[in-house]
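Residue strings, one per chain:
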Amino acid sequence: QTGSANTNPSDSADDEYITSVSIGTPAQVLPLDFDTGSSDLWVFSSETPKSSASGHVTYSPSKSSTAKKLSGSTWSIEYGDKSSSSGDVYTDVVTIGGFSVKTQAVESATKVSTQFVQDTVISGLVGLGFDIGNQVSPRPQKTWFSNAASSLAEPLFTADLRHQETGSYNFGFIDTSLAKGTIGYTPADGSEGYWGFTATGYSVGGAKLNRNSITGIADTGTTLLLLPDNIVDAYYNNVESAQYDDSQEGVVFDCDEDLPSFSFGVGGQTITISGDLLNLTPIEEGSSTCFGGLQSSSDIGINIFGDVALKAALVVFDLGNERLGWAQK
Ligand SMILES: Cc1nn(C)c(C)c1CC(=O)Nc1ccccn1
């Protein structure tokens, strides 16, 4: 068996990617953010304070004949950007891309931070990280993919995120036609809950790859490519108008700059992110100053290959072989 779901950028800056997920009987369809950087499936629900839920599509377990309360279970999660949510837990049928998991833990939010309240285009997250990262207490729950893996043709999924166009999450199979290059594989480290890996080197503007390795995570739930200061500086030294903008908390530059590409080596392949993908968006509507897709990870403590990097590749999240595959798109 397999599953295939389309995913769409949430806005003109490709801030997030929205995928429709069916929950319950009859189906309640919610727009969710698939996040390989976390391991909880949580949703805005009938239990979310009305003021917080305003503008969001919500899940009502009481309207689902297959919903069951997981008595005594609660959850609470805080993301790296300090956004957070918490609540209680139901099990229900969850269908993604035509594949159904009958008894999936659906974490219902009774509390959500302002970042989520304001982000009305999504109704929650689908964690696609490793089960060890799940935040349900007292008994941690499995992710949707973990529950699905044993029934899928192959225990893997792929992410094909695109700039301003429809992409896909495929489960149980690899559509190699989505990629231009060969898929290179490298070991994945799931010990922290997310998909950790090491890139073997990098280069700016088509130069030869150096051999400075970068250890980080492949994170569909984070917008940016977040790397150490030395790499960020090496990149923006090639961008004449680049400067750090305190209010934007990142490097900005003139929108009409011709940005260099950024490449990294992984699994014997080279993934090149075009300069266009590294110009994220004007800092404000109509501004001629743009915000960079590559920013510093130095105060985060972890390097994150977020959507800006993932958009350049077809990425295979191979749980069965504990490895990540990358192919140029
Ligand atoms: C770890 C980290 N530090 N900082 C500054 C950022 C932005 C991150 C990544 C992060 O928070 N991603 C996220 C946020 C909400 C939902 C899903 N993923």
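Refer to the structure above for everything that follows.
Residues numbered from 1 in each chain as written. Predicted model: local features only at pLDDT ≥ 70, side-chain atom pairs only at ≥ 80, totals over all residues. Heavy atoms only, no water.

A.B. asks: Teacher, can you tell me more about the site of the ligand here?
C.D. replies: Close contacts around the ligand come from Asp35, Tyr79, Gly80, Asp81, Ser83, Leu125, Gly221, Thr222, Ile300 and Ile304, and that covers them all. A distance of 3.1 Å is found between an oxygen atom of the ligand and a backbone nitrogen or oxygen belonging to Gly80. For the shell around the ligand, the class distribution of residues is 4 nonpolar, 4 polar and 2 charged. (Near = heavy atom within 4 Å. Polar contact = N/O pair within 3.5 Å; in protein donor to acceptor, adjacent residues only side chain to side chain. Nonpolar A, V, L, I, M, F, W, Y, C, P; charged D, E, K, R; others polar.)

A.B. asks: How should the state of the cysteines be read in this particular structure?
C.D. replies: Here, disulfide denotes a covalent bond that connects the sulfur atoms of two cysteines. Enumeration according to the criterion identifies 1 disulfide in this entry. Here Cys255 is linked by a disulfide to Cys290, with a sulfur-sulfur distance of 2.1 Å. The sign of the S-S torsion, about 105 degrees, decides the handedness of the disulfide formed by Cys255 and Cys290: right-handed. Within this pair, whereas Cys255 is found in the loop between strand E18 (250–254) and strand E19 (262–266), its partner Cys290 is found in strand E22 (residues 289–292), the two being separated by 35 residues in sequence. Residue classification places Cys255 among the partly exposed residues on the basis of a relative accessible area of 24%. Residue Cys290 is classed as buried on the basis of its relative accessible area, which comes to 3%. (Disulfide = S-S within 2.5 Å. Helix = DSSP H or I, 4+ residues; strand = E, 2+ residues; numbered from the N terminus. Buried < 20%, exposed > 50% of the residue type's maximum accessible area, 1.4 Å probe, protein only.)

A.B. asks: Explain unusual backbone geometry here, please?
C.D. replies: Peptide bonds are, in most cases, trans, and in most cases residues other than glycine have a negative phi. Thr25 connects to Pro26 through a cis peptide bond whose omega is -5 degrees. Within the fold, Pro26 resides in the loop between strand E2 (17–23) and strand E3 (28–35). Along the chain, Ser137 connects to Pro138 via a cis peptide bond; the corresponding omega equals 5 degrees. Examined against the element boundaries, Pro138 turns out to sit in the loop between strand E9 (136–137) and helix H3 (144–149). The phi dihedral of Lys82 is positive, around 75 degrees, even though this residue is not glycine. With respect to the helices and strands, Lys82 occurs in the loop between strand E5 (68–78) and strand E6 (84–96). In this structure, Glu322 takes a positive phi of about 45 degrees despite not being glycine.

A.B. asks: Quick question: what am I supposed to make of the side chain of Thr223 here?
C.D. replies: Here Thr223 shows up in the loop between strand E15 (214–218) and strand E16 (225–227). One polar contact links the side chain of Thr223 to the main-chain carbonyl oxygen of Asp15, over a distance of 2.6 Å. Beyond its immediate sequence surroundings of up to four residues, Thr223 is in contact with Asp14, Asp15, Leu280, Gly306, Asp307 and Val308. (Contact = heavy atoms within 4.5 Å.)

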